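Below are the chains, spelled out letter by letter.
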Amino acid sequence: MSLNMDQWKVLLVDDEEEFVTTLAERLSIRGIATRTALDGESGLRRLAEEIPHVLLLDVMMPGMRGLDVLRAVKRDHPAVQVILLTGQGSSKDGIEGMNEGAFDYVMKPFDIDGLVAKIGEAVAKAVGGR
Amino acid sequence: MGAAKQMGKVSATAMHDMLNVLAGIKETVGLMEDLLCRCKLDAATLQARFKTMVPAMHQQVAKGVILAESLNRLGHVVADPEGPVDAANLARLLVALTSRRARMRKLSVHVEENGPTCATAEPQGLLCGLGMVLEACYAALPPQAELRLKLGQEDGVGVVRLRCTHPEAAAALAGLAEACAGLPDGVTLRQDSRDSGWSLGFPCAQRT
């Protein structure tokens, strides 16, 4: 089963508020419903309220780290596909995340079209896995 | 730990911040482009939106400039290790460039002014020593703790006094000396008996 872009459900979790607001609006302009959270704990709460197809997750956040959020999501909601966002020059966290079950990772700053394509692949996997 | 390794760690942390700044700018510019090309907005609405986005972009650029300048100044300290260098300035640079690590642990760090401070003749020693101590403090202190650094001189030796009033701070920092094993030559770390804070001593070149 494939979904149209306007049926995709995305949750974006990142501690950089300006970045979160702007990226969410850019995705919404493209028809992708995007909810947001500014830390790992509230991200998990938002995820439990409405299960998204894809979680866009910052790796380095104050408090609960991205990789800890990833582990909790893969344990409780394995069908949710997680794309890690990292600002680090090193891809170490991204690779570690993929070993923990992340769908993929992208490094900031990234190209929006590339991100949307990746979200599409992740949605297809999420829908296939449900 | 050598100055090069410490510099590598500091610059990696600062560059992470810088990439976040660039990502913020890129997304804001991208949104402006989206609003211009993808959304059918009237001129007044477009102008109103842009008015709110421009200050955000100025803010991001200012953040990036501070990071780049701090990294540049620190790079000069490492590349040109001949002292003296103002120790308080060096401490402030180090704290600014590692602030992301502190934020990750929900800590706040302040460098206090303390009258006449001193210049260190060996900036790399202070850079490595203070870098190691800060890193160990970031790892050990409980969330919401506030770490205060005060620079001064005692008996001709430069001193960075580290104080944290959090009730769990003393226990959290009990292993600080072990965590900072291998400090550079001439740099010392000791616990103060009077208030259980810590003092980092470093060779001091002159009073300023």
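See the structure printed just above.
Below you will find a few notes about this structure.

### Points about the overall build of chain B
Phase 1 of the analysis: From N to C terminus, chain B includes seven helices and seven strands.
Phase 2 of the analysis: Reading chain B from its N end, one meets helices and strands in the order α-α-β-α-α-β-β-α-β-β-α-α-β-β.
Phase 3 of the analysis: Reported as C-alpha extents along the three principal axes, the dimensions of chain B are approximately 70 × 40 × 30 Å.
Phase 4 of the analysis: For chain B, the proportion of its 208 residues judged to be buried stands at 34%.
Phase 5 of the analysis: Partitioning the intrachain contacts of chain B with sequence separation of at least 6 by distance along the chain shows that 78% fall at a separation of at least 24.

### Section: the interface of chain B and chain A
Phase 1 of the analysis: With 20 residues of chain B in contact, the opposing surface of chain A contributes 17 residues.
Phase 2 of the analysis: Elements that contribute at least two residues to the side of chain B that touches chain A include exactly helix 1 (3-37) and helix 4 (99-104) of chain B.

### Quick look at the sheet that holds strand 5 (residues 104-107) of chain A
All names here are of chain A.
Phase 1 of the analysis: Spatial strand order, 2-1-3-4-5: five strands in an open sheet with parallel pairing. Two strands bound the open sheet, and with one partner strand each, they are strand 2 (33-37) and strand 5. Looking at each pair of strands side by side, their axes are set apart by 20 degrees on average, direction ignored.
Phase 2 of the analysis: One ladder, built from four bridges, connects strand 1 (residues 9-13) with strand 3 (residues 54-58); its direction is parallel. Bridge pairing links Val 13 to Leu 57 in strand 3.
Phase 3 of the analysis: In the packing of helix 3 (residues 66-76) onto the sheet, the strands contacted are strand 1, strand 3 and strand 4 (81-86), and the crossing angle to strand 3 comes to about 155 degrees.
Phase 4 of the analysis: Packed on one face of the sheet, helix 4 (residues 92-99) meets strand 4 and strand 5 and runs near 170 degrees to strand 4.

### Remarks on the pairing of strand 1 of chain A
Residue and element names in this part refer to chain A.
Phase 1 of the analysis: Counted residue by residue, strand 1 has four buried out of five residues, so it is predominantly covered.
Phase 2 of the analysis: Pairing between strand 1 and strand 2: five bridges, direction parallel. Across the sheet, Val 13 pairs through a bridge with Ala 37, a residue of strand 2.

### Brief notes about the nonpolar core
Phase 1 of the analysis: Of all hydrophobic cores here, the largest spans 49 residues; its most connected members are Leu 90, Ala 91, Leu 94, Leu 130, Val 133, Leu 147 and Leu 200 of chain B.
Phase 2 of the analysis: For this core, the two domains that each supply at least three residues are domain 1 (3-79) and domain 2 (85-207) of chain B.
Phase 3 of the analysis: Contacts of Leu 147 of chain B, omitting those with residues within four sequence positions, involve Leu 107, Val 109, Cys 137, Leu 141, Leu 162 and Cys 164 of chain B.
Phase 4 of the analysis: One finds Leu 55, Val 73, Val 82 and Ala 102 of chain A within the second-largest nonpolar core, a separate group that totals 37 residues.

Calculation notes
Residues numbered from 1 in each chain as written. Chains lettered and ligands numbered in written order. Predicted model: local features only at pLDDT ≥ 70, side-chain atom pairs only at ≥ 80, totals over all residues. Helix = DSSP H or I, 4+ residues; strand = E, 2+ residues; numbered from the N terminus. Buried ≥ 20, exposed ≤ 12 C-beta atoms within 10 Å, placed from the backbone. Contact = placed C-beta atoms within 7 Å. Pairing = 2+ DSSP bridges. Axes fitted to C-alpha atoms, helices over the stretch in contact; angles between N-to-C directions. Core = buried A, V, L, I, M, F, W, Y, C linked by C-beta atoms within 7 Å. Domains from an automatic or database assignment.

In short, the description is geometric, and any link to function would need to be established separately.
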